[in-house]
Amino acid sequence: MGEIVKRDELPDDQHSEEAYLSIRGYVIDAQRQVYSAVNSAMVTAYWNIGKSIYEVCGESDRAAYGKQILKYISERLITEFGKGFSIQGLRNMRQFYLAFPKRSTLRSELSWSHYRLLMRVKDEDARTFYADEAVKSGWSVRQLQRQINTMFYHRILASKDKESVAAEIQTTVPKPEYEKIIKDPYVLEFLDLPQNEHFYESELEQALIDHLQKFLLELGRGFSFVARQKHFNFDGRHFYIDLVFYNYILKCFVLIDLKTEDLTHQDVGQMQMYVNYYTREMMNEGDNPPIGILLCADKSDTLVRYTLPEDNTQIYAAKYMAYMPTEEELKRELKLDEFEKIDGD
């Protein structure tokens, strides 16, 4: 028989919490080291690949000779190392090399996702500023994206109160305590690991999407389930549509994206891009234009925004109204009160 432990010898809540926090710290430190090591290897590898492609293809990788080489290299690499080496992906690596031609200027603190954002900054001075500031201030990828989108570089130059402008990012986009390696699709591609839809959903979002999927299938208006967390790659960037249905009465795709934070104009533009993508790439003969539904279910309000292809702004009222759920129906299904216990777990 094992030794009997007396009740007064058991650790109290404080000791249990201290032990948990200590062990948790080891796990987070290990994850940070792994994440940093993988990203450092990715950045170095992609810079070298970009340099090699530039040297082989010359100034234009879109000329016939360059296209042929890229196609050959891409097909061979994908066969051996996975889908992270598409032709567009290789072009991005070439662009990376051109944006940062001196390897000595690369910063080990920045991930490939950071550099994917920095490459889109055309002004070299601004690009250097964002890279230096991201390292100095320890910006997450989301924080860097926010600063670029809100023209932080130009605002800081024009501001007399530079400290408050620099500090605002911590309230608008708080930095996560640490980055989970499995959440970064570029890391998954680099390591050739399978992507899982649950890597990209919080528990609250998971519950809401579960509920919406069930609601639409039970609505009885022609909805047929197609995909969940539908992944596609556009211009080298990864996107995930929460829910995709096909309505066989309307003969069109229905795309649904859920936001549990405040709705932004970037969200609206992204849904428009989803709709345009399905219009140009996924529609079959006889299909009608797809419709997008953008849902915002934050604590203060519930918003529903319908989106159609840019040249079909009137089609919703004329044709879709009888079969699509109304705004009132969707708002009712998105009431967060029922999900509070999930959010607080």
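Residues numbered from 1 in each chain as written. Predicted model: local features only at pLDDT ≥ 70, side-chain atom pairs only at ≥ 80, totals over all residues. Heavy atoms only, no water.

Undergrad: Got a minute to help me understand the pattern of salt bridges in this structure?
TA: Side-chain pairing between opposite charges can occur once the charged atoms of the two side chains come close. For the structure on display, the rule yields six salt bridges. One salt bridge connects Glu75 with Lys71, and the closest N-O pair in it is separated by 2.7 Å. Of this pair, Glu75 and Lys71 both sit in helix α2 (residues 64-81), four residues apart, roughly one helical turn. On the basis of relative accessibility, which here comes to 43%, the residue Glu75 falls in the partly exposed class. Note that Arg107 and Asp132 form a salt bridge whose closest N and O atoms lie 3.2 Å from each other. Pair noted here: Arg107 is in the loop between α3 (87-99) and α4 (112-118) and Asp132 is in helix α5 (residues 124-137), with a separation of 25 residues, a long-range link. Among the residues examined, Arg107 registers a relative accessible area of 29% and is labelled partly exposed. Take Asp132: its relative accessible area is 38%, and that puts it in the partly exposed class. Each of the salt bridges in this network shares a partner with another, and the network as a whole consists of Arg107, Glu109 and Asp132. (Salt bridge = Lys/Arg side-chain N within 4 Å of Asp/Glu carboxyl O. Helix = DSSP H or I, 4+ residues; strand = E, 2+ residues; numbered from the N terminus. Buried < 20%, exposed > 50% of the residue type's maximum accessible area, 1.4 Å probe, protein only.)

Undergrad: So what exactly am I meant to see when it comes to helix α6 (residues 141-149) here?
TA: An α-helical turn contains 3.6 residues, so a residue and the one three or four places further along point in the same direction. Listing the buried residues of α6 in full gives Gln143, Leu144 and Gln147. Seen end-on, α6 carries its buried residues on one side only, within an arc spanning 100°. Where α6 is buried, its residues touch α4, α5, α7 (152-158) and α9 (169-172). (Arc of directions from axis to C-beta. Contact = heavy atoms within 4.5 Å.)

Undergrad: How do you make sense of the nonpolar core when you look at a structure like this?
TA: Nonpolar side chains in soluble globular proteins generally cluster together in the buried interior. Grouped together as the largest cluster of nonpolar side chains are 40 residues, with contacts concentrated most on Phe96, Phe100, Trp112, Tyr115, Leu118 and Tyr130. Of all the elements in the fold, those that place two or more residues in this core are α1 (13-57), α2, α3, α4, α5, α7 and α10 (185-190). Ranked by residues supplied to this core, first place goes to α1 with eight residues. Leaving out residues up to four positions away in the same chain, Leu118 has contacts with Phe100, Leu110, Arg127, Tyr130, Ala131 and Leu144. Counting residues in each nonpolar core, the second largest holds 18 residues, with Leu212, Leu243, Leu250 and Ile256 among its members. (Core = buried A, V, L, I, M, F, W, Y, C linked by side-chain atoms within 4.5 Å.)

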